[in-house]
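Okay, here's what each chain looks like letter by letter:
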Amino acid sequence: MKTKTYLKWAAALFLLSIACRPASAHQGSSFDELKKDTIQLQQTPNDDALRTKIIQLASSLDMKPAAPPEMDELIGKAKFIVSHANSDADYAAAGDAFVQASLLAPWVPENYSNAGVAYEKAKRYSDAVRFFQFYVLAAPGAPDAKAAREHIGGLQYAIQKSAADKAAAAQAEQRKAEAIRDLNGYWACQSGCNGYSTVSVSDGMFKADVGDWSLEGTLDGTHISGTASQPGYKDT
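Below you will find a few notes about this structure. These numbers were taken from a predicted model, which means no experiment stands behind them.

1. Topic: the overall build of the protein
Counting its regular elements, the protein contains eight helices and five strands. Taken from N to C terminus, the helices and strands of the protein fall in the order α-α-α-α-α-α-α-α-β-β-β-β-β. Evaluated residue by residue, the protein yields a buried proportion of 31% over its 236 residues. Of the contacts formed within the protein by residues at least 6 apart in sequence, a portion of 41% connects residues at least 24 apart. Of the roughly 15100 Å² that the protein leaves accessible, carbon and sulfur atoms contribute 57%.

In structure tokens, the structure reads:
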């Protein structure tokens, strides 16, 4: 009986010694590295590789460092901006404030998701994707991590489509500009106007003398609308 009682006390003392044991040297060095990297990130906030390193290092620790109270003030600022936002610029400012908060404790996931939401409302989709990705990295086991990844995929498609639409619009404008430029100088009539005659185009307006014809009107894309006059009739 005494032996069993002794073993119980020994087990209890062993567990107590583990609970009271100071942090390991490895954890202490990781804390120091985390602190050093966080200070560096504050100086180079666009260093995504460094931010990723900090998040991964913090995830490997049994206990993450406490966030400084200044972070709460920045979060409060961001939330206030969101609650009073009435423009894209306001939502962008809120996103910036959440990002500033993330620099004080880069391992806190919520600042990334909040920044992503704010930037999406500001129509800054690339920034939204960037910070949603950091959220998933910092909280891979979060209940909404799968939904966040799916949302990232949707935003990436929206970015690609927007870029394609802008490129198509730019090409259309380029074709229109080239059509106007081609009309400047010389224009070949189909028939009856003795070859080439001078044409002037300015801001979509054109004037031309083709043979004994006088033309004046507007240029819409590659189409001309206006008037053509001549003493008598001549096929052009």
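Picking up after the structure, the text goes on.
2. Overview of the packing of helix H4 (residues 70-83) against helix H5 (residues 88-104)
At their nearest, the axes of H4 and H5 sit 8 Å apart, and the two run at 170 degrees to each other. Judged by the inter-axis angle, H4 sits roughly antiparallel to H5. Considering only the axes of H4 and H5, their crossing is left-handed. Residues Glu70, Met71, Leu74, Ile75, Lys77, Ala78, Lys79, Ile81 and Val82 of H4 lie in contact with H5, whose contacting residues are Asp90, Tyr91, Ala93, Ala94, Ala97, Phe98, Gln100, Ala101 and Leu104.

3. Describing the environment of Pro106
Relative to the helices and strands, Pro106 resides in the loop between H5 and helix H6 (109-121). Among the residues examined, Pro106 registers a relative accessible area of 0% and is labelled buried. With 64 residues separating them along the chain, Pro106 and Gln42 place their C-alpha atoms 9.7 Å apart. Other than its neighbours up to four places away in sequence, Pro106 contacts Thr38, Leu41, Ile54, Ile55 and Tyr112.

4. Examining the packing of aromatic side chains
Using the criterion set out here, one finds four aromatic pairs in the structure. Their ring planes at 15 degrees and their centres at 6.3 Å tell us that Tyr112 and Phe131 sit as a pair that is stacked. Placement of the pair is Tyr112 in helix H6 and Phe131 in helix H7 (residues 125-138), with a sequence separation of 19 residues. The exposure class assigned to Tyr112 is buried, which follows from its relative accessible area of 0%. Taking 6.1 Å as the distance between ring centres and 55 degrees as the angle between the ring planes, the aromatic pair formed by Phe131 and Phe134 counts as tilted. In this pair, Phe131 and Phe134 both sit in helix H7, three residues apart, roughly one turn of the helix.

5. Some thoughts on the packing of H6 against H7
Running from N to C, H6 and H7 point in directions that differ by 160 degrees, and their axes come no closer than 8 Å. If you check the angle between H6 and H7, you find them roughly antiparallel. The way H6 lies across H7 gives a crossing that is left-handed. In this structure, H6 uses Pro109, Tyr112, Ser113, Ala115, Gly116, Val117, Tyr119 and Glu120 to contact H7, whose residues at the interface are Tyr125, Asp127, Ala128, Phe131, Phe132, Phe134, Tyr135 and Ala138. Tallied by class, the residues present in the contact of H6 with H7 amount to twelve nonpolar, two polar and two charged.

About the cut-offs
- Residues numbered from 1 in each chain as written.
- Predicted model: local features only at pLDDT ≥ 70, side-chain atom pairs only at ≥ 80, totals over all residues.
- Heavy atoms only, no water.
- Helix = DSSP H or I, 4+ residues; strand = E, 2+ residues; numbered from the N terminus.
- Buried < 20%, exposed > 50% of the residue type's maximum accessible area, 1.4 Å probe, protein only.
- Contact = heavy atoms within 4.5 Å.
- Areas by Shrake-Rupley, 256 points an atom, 1.4 Å probe, with all protein chains shown as cover.
- Axes fitted to C-alpha atoms, helices over the stretch in contact; angles between N-to-C directions.
- Parallel < 35°, antiparallel > 145°, perpendicular 65-115°, else oblique.
- Left-handed = near helix turned anticlockwise from the far one by under 90°.
- Phe/Tyr/Trp six-rings, centres within 6.5 Å; stacked < 30°, edge-to-face > 60°.
- Nonpolar A, V, L, I, M, F, W, Y, C, P; charged D, E, K, R; others polar.

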